[in-house]
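Next come the chains, spelled out residue by residue.
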Amino acid sequence: MSNSPQDDIVLDVCGLEPPEPLERVLEALSELSSGRRLRVVIGREPFPLYRILEQNGYAHETRCREDFLYEVLIWNKR
């Protein structure tokens, strides 16, 4: 993926109770334009999201930050 981090759309869902983080991510993905990436910041690793992403043609990369929050970078594989 050749996009730079400053081109990413950032969605911070820290502190939200399930299922709101997942709902907000899916809503943001439905509005994601071609070639853009979504960077999600969340307080726990979103395991249920990974299968949904895979089933809908998205790739993702997850890392745990130094502040113990998770950052999930999502982009369309197509």
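Everything below is about the structure printed above this text.
About the thresholds
- Residues numbered from 1 in each chain as written.
- Predicted model: local features only at pLDDT ≥ 70, side-chain atom pairs only at ≥ 80, totals over all residues.
- Heavy atoms only, no water.
- Helix = DSSP H or I, 4+ residues; strand = E, 2+ residues; numbered from the N terminus.
- Buried < 20%, exposed > 50% of the residue type's maximum accessible area, 1.4 Å probe, protein only.
- Contact = heavy atoms within 4.5 Å.
- Pairing = 2+ DSSP bridges.
- Axes fitted to C-alpha atoms, helices over the stretch in contact; angles between N-to-C directions.
- Parallel < 35°, antiparallel > 145°, perpendicular 65-115°, else oblique.
- Left-handed = near helix turned anticlockwise from the far one by under 90°.
- Nonpolar A, V, L, I, M, F, W, Y, C, P; charged D, E, K, R; others polar.

A. How the structure looks around the environment of L38. Looking at the secondary structure, you find L38 in strand β2 (residues 37-42). Given a relative accessible area of 0%, L38 falls into the buried group. Here the alpha-carbon distance between L38 and V25, two residues 13 residues apart in the chain, equals 8.5 Å. The residues contacting L38, other than those within four sequence positions of it, are I9, L11, V25, A28, L29, L32, V72, L73 and I74.

B. Representation of the sheet that holds strand β1 (residues 9-12). Spatially, four strands are ordered β1-β2-β4-β3 in an open sheet, and the strand pairing comes out mixed. The open sheet terminates on both sides in strands that have one partner only, identified here as β1 and β3 (58-64). Neighbour-to-neighbour, the strand axes of the sheet open up by a mean angle of 20°, direction not taken into account. Where β2 and strand β4 (residues 70-76) come together, six bridges link them in antiparallel fashion. For I42, the partnering residue across the bridge sits in β4 and is Y70. With respect to the sheet, helix α1 (residues 20-30) is in contact with β1, β2, β3 and β4, its orientation differing from that of β2 by roughly 170°. Helix α2 (residues 47-55) rests against β3 and β4 of the sheet, and its axis sits at about 155° to β3.

C. Seen up close, the packing of α1 against α2. In the contact formed by α1 and α2, the axes pass within 11 Å of each other and the chain directions differ by 25°. Considered as vectors, α1 and α2 are oriented roughly parallel to each other. Relative to α2, the crossing made by α1 is right-handed. Where α1 approaches α2, its residues L22, V25, L26 and L29 are matched on the opposing element by L49, I52 and L53. By residue class, the composition of the contact of α1 with α2 is seven nonpolar, no polar and no charged.

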